[in-house]
Amino acid sequence: MASDQGPWTIKKILTWTDNYFKSNEVDSPRLAAEILLSHCLDIRRLDLYLQHDRPLNPDELASFRGLIKRRIDREPVAYITGSRGFWESDFKVAPGVLIPRPDTEVLVEVALKVLGQKGDKPRRVLELGVGSGAVIVSLARSHPEWQCFACDLSLTALGVAASNAAMEPQCSNLSFVAGSWFSSFRPQAQFDLVVSNPPYIPSRDIETLQPEINRYEPLLALDGGPDGLDCVRTIMAEACDYLVPGGTLLLETGSDQREGVGQIFKNCPDFASIEFFNDYAGLHRVVKLEKKIANSKPL
Ligand code: GLN
């Protein structure tokens with residue numbers, strides 16, 4: 001990186017980085033350049049424009065060069081900056097924890113709607129596989145009267161989720177539980193809502209994902225087995241033991257898994273209904289399953 005005409009100002013280095021990212025086929029090159037430079041200089045993105053003729057000192061240039069190199073190596077911007085915006089907050093993210101996707105905001109939107117329709121009574125909400133905690137922290141902070149539980153197999157994820165909850169003053173209603181799916185809970189009807197964004201990518205598709213995902217994000221949060229639906233099957237088979245009568249299970253799934261989920265539903269006699277929701281790109285993303293009010297099992 002060399003500037004033949006005067007010092008590297010913010011404006012000049014943004015243009016250079018944008019072009020460099022473009023020639024290396026990095027997604028959203030200008031946006032990435034702005035996010036990384038504002039992170040490096042510890043200023044807002046807006047300040048990059050307000051201070052466009054500010055020259056970078058040698059230390060700033062060296063550290064920005066390091067960030068550019070990481071992005072060229074396909075490390076996701078969110079891992080480089082350590083945070084990602086989701087729903088109404090910024091969430092800390094770290095290697096070992098799935099980066100929250102905009103698609104997953106639909107899960108929060110539907111969860112809030114479902115619980116809103118159930119009336120004012122305080123609710124018990126469980127998220128299985130919380131990752132950064134973006135979903136359950138967003139739900140818990142929106143309703144401090146709900147009792148919320150965050151469960152994950154990964155202690156790294158629970159640590160990140162707990163630090164995200166600690167940054168939200170309204171999140172004292174959230175407890176953390178280590179374990180695989182429902183294994184740490186008693187099978188008694190206790191939750192009004194169980195929500196999950198489980199791994200749902202078919203194993204054979206993992207290596208076809210962008211390098212940002214398959215080289216950096218945790219396989220544990222992505223690989224859903226041969227057809228991608230192993231975890232969905234497990235959760236759907238067990239959920240009714242933990243849901244109150246009329247309780248709801250909400251799952252994020254792949255856009256092409258609607259039919260597969262419909263088939264699994266046919267083998268789950270304790271669910272009364274199934275409904276599908278699209279994400280903001282218009283693709284199938286979330287499935288809502290309601291447990292029957294009366295138990296279908298013979299006494
Ligand atoms: N939506 C994620 C992706 O496309 C997958 C998340 C998941 O498997 N739960 O990479």
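Above this text sits the structure in question.
Each value, and the rule that gives it
- Counting starts from 1 at the beginning of each chain's written sequence and moves along it residue by residue.
- Local features in a predicted model are, by the rule used here, given only for residues with pLDDT of at least 70; side-chain atom pairs are given and counted only at 80 or more, and totals for whole chains, interfaces and linings are based on all residues.
- Excluded from the side-chain calculations are hydrogens and water; all other atoms, namely the structure's heavy atoms, are used.
- For this analysis, a salt bridge means a side-chain nitrogen from Lys or Arg found within 4 Å of a carboxyl oxygen belonging to Asp or Glu.
- Strands are runs of DSSP state E lasting at least two residues, helices are runs of H or I lasting at least four, and both sets are numbered from the N terminus onward.
- Only protein chains enter the area calculation, which uses a 1.4 Å probe; residues under 20% of their type maximum are buried, those over 50% are exposed, and those in between are partly exposed.
- Lining residues are defined by having an atom within 4 Å of a point belonging to a cavity or pocket. Those points lie on a 1 Å grid over the protein atoms alone, cavities being sets where a 1.4 Å probe fits but cannot get out and pockets being open sets with protein on both sides within 12 Å along at least five of seven lines.
- Grid points are joined across faces, edges and corners, and a volume is the space filled by probe spheres set on the points.
- Note on residue categories: nonpolar means Ala, Val, Leu, Ile, Met, Phe, Trp, Tyr, Cys or Pro, charged means Asp, Glu, Lys or Arg, and polar means any other residue, Gly included.

Caption draft 1: Looking closely at the pattern of salt bridges. What the rule picks out here adds up to 19 salt bridges. R101 serves as the salt-bridge partner of E217, at 2.9 Å between the closest nitrogen and oxygen. Taken together, the residues E217 in the loop between α9 (211-214) and α10 (230-239) and R101 in the loop between β2 (89-92) and α6 (105-117) connect sequence positions 116 residues apart. Judged by its relative accessible area of 8%, E217 falls in the buried class. We note a salt bridge from D192 to R123, for which the minimum N-O separation is 3.2 Å. Here D192 is found in strand β6 (residues 191-196), whereas its partner R123 is found in the loop between α6 and β3 (124-128), with 69 residues between them in sequence. R123 gets classed as buried once you look at its relative accessible area, which sits at 8%. A cluster of three or more residues bridged by salt bridges with shared partners is formed by R30, E34 and R45.

Caption draft 2: Region of the structure containing the layout of surface pockets. The space that makes up the largest pocket amounts to roughly 720 Å³. Every residue lining the largest pocket is counted, 24 residues in all, and those nearest its centre are P76, V77, A78, R84 and I99. A total of five residues in the lining of the largest pocket trace back to one element, the largest contributor, which is helix α2 (residues 29-41). Class assignment of the residues belonging to the lining of the largest pocket gives a composition of nine nonpolar, seven polar and eight charged. Taken as a whole, the second largest pocket spans an internal volume of roughly 520 Å³. Lining the second largest pocket are 24 residues, with Y200, I201, E252, G254 and R285 positioned closest to its centre. Here the residues of the lining of the second largest pocket are counted per class, giving 11 nonpolar, four polar and nine charged.

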